Amino acid sequence: MQHFDTRIFQLDEIDAAAQEIQQGHLVSFPTETVYGLGADATNEQAVKQVYLAKGRPSDNPLIVHIASREMAEKYAAHIPDKAYKLMDHFWPGSLTMIFKIKPHSLSKTVTGGLKTAAFRFPDCQPTLDLIKRAGVPLVGPSANTSGKPSPTTAQHVYHDLHGKIAGILDNGPTRVGVESTVLDMSGDHPVILRPGAVTKEQIEAVIGSIDLNHHHVGKNETPKAPGMKYKHYAPAAQVYIVDSGTDWGQVIEWVQQQPFDVGIMAEEKVLQNASLPMNASQFSLGNGVKDASARLFDGLREFDDEQNVKAIVCQAFPAEGLGEAYMNRLNKSAGGVHFLAVDKS
Ligand code: TXA
Ligand code: MG
């Protein structure tokens, strides 16, 4: 792989970033959810570099980021009426929609060989400007090393990908912190393949009942959203989910008994009331599920960089509304392991 001196582009350097894209190089771009790893979606060689830089399996298709409805219409074979209604409400925004595409309109490297593609109109003006100036849609998986938590700052991206990409367009920390909702609009009935910032309830308020299908997919099954079968969001330390209603006193007691350092991720009010042992490091999730979603990946990454932290205990929230997306990500980073299961053994 070619080596790059990865540049940090400021917001007044969007032209320079767009030129890199036009040359077939990779530039990480901000969105309201997480940072993406951008390449010209119409340049097959550039898209291949995205998989290489991330270490991403090549059957996992990429989201196509667009800056206008027309850009999606250029590739989509059919956009149902319900999808236009959803665009009226949620574009630009954190709702990614999957449509059937015109044959051969996007390369196999983008679609992973599927007859559909995912389209996203991010709610982030610098990136919309970048797309317009580059003149092409951008593929954009989250700009992390495959398997690691998604990046919510330019520094996270730099940590994972410096030397491998031309640059990063820095727009500060992202606002939402969990990735977009992926909604499959290519079949008879709309299905959420990945819960995200736009909730099932919000979508149903616009188009009526939809399905939620983010069950765990076995290694040999062909999943609807190919990304679902891979290990995700996992720091090196084991993450334990601390369910609502768990006595934090018990958690702290367990932490104290461990022969290594433990990261504690919890709301401000939990941390304020706890007296933490010497081997505990704390990371505040703020107040409520919105703050927690914005901070989750940052906390997991912070502890991932601390060699001595071998376990992380992280607060659960009710899996409703945005909590559905938060718990989906937390569950994956913990591999489904809960604190109580440990406590009883
Ligand atoms: O918020 C986001 O969506 C971020 C920002 C950068 O836009 N992007 C992101 O991309 O999370 P990525 O590649 O990490 O996740 C995209 C997910 C994967 O699970 C992938 O398998 C699924 O969407 N996906 C993409 N195209 C698909 C398709 N045609 N059919 C089914 N699933 C698809
Ligand atoms: Mg990702």
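Per-chain numbering applies: the sequence of each chain, read as written, is numbered from 1 onward. Going through the entries in the order they are written, you letter the chains from A and number the ligands from 1. For this predicted model, a pLDDT threshold of at least 70 governs which residues receive local features, and a threshold of 80 or more governs which side-chain atom pairs are given and counted, while totals over whole chains, interfaces and linings are taken from all residues. With hydrogens and water set aside, each side-chain value is computed from the structure's full complement of heavy atoms.

(A) Geometry of the nonpolar core. Ranked by internal contacts, the top residues of the largest apolar core, which has 62 residues, are Leu86, Leu95, Met97, Phe99, Phe119, Leu183 and Ile203. Put simply, DSSP marks the helices as runs of H or I at least four residues long and the strands as runs of E at least two long, and each gets a number from the N terminus on. Top contributing element to this core by residue count: helix α2 (residues 44–54), with five residues. For our purposes a nonpolar core is just a set of buried Ala, Val, Leu, Ile, Met, Phe, Trp, Tyr and Cys residues, chained together by side-chain atoms within 4.5 Å. With a 1.4 Å probe rolled over the protein chains alone, any residue whose accessible area is under 20% of its type maximum counts as buried; one over 50% counts as exposed, and the rest are partly exposed. Listed in part, the 22 residues of the second largest apolar core include Leu285, Phe297, Phe317 and Tyr326.

(B) The domain arrangement of the protein, seen in detail. Per the domain assignment, the segments making up the protein are domain 1 (7–212) and domain 2 (238–341). Between two residues, a contact is recorded if the distance between any of their heavy atoms is within 4.5 Å. Tallying the contact residues gives 23 residues for domain 1 and 14 residues for domain 2. Where domain 1 abuts domain 2, roughly 1500 Å² becomes buried across the two surfaces, and 55% of that area is made up of carbon and sulfur atoms. We define buried area as the total accessible area lost by two parts upon association, computed with a 1.4 Å probe and summed across both. It is Pro149, Val178 and Pro195 that lose the most area in domain 1 upon contact with domain 2, and together they represent 35% of the buried surface on that side. The term salt bridge refers to a side-chain nitrogen of Lys or Arg lying within 4 Å of a carboxyl oxygen of Asp or Glu. At the junction of domain 1 and domain 2, the tally comes to three salt bridges. In this structure, the salt-bridge partner of Asp160 is Arg301, at a minimum N-O distance of 2.8 Å. Looking at which element gives the most residues to the side of domain 1 that touches domain 2, the answer is helix α7 (residues 154–161), with three residues. Along the lines of polarity and charge, the residues of the side of domain 1 that touches domain 2 split into eight nonpolar, nine polar and six charged. Start and end positions for the domains come from either an automated domain assignment or a database one. Polar here means any residue outside two lists: the nonpolar Ala, Val, Leu, Ile, Met, Phe, Trp, Tyr, Cys and Pro, and the charged Asp, Glu, Lys and Arg; Gly therefore counts as polar.

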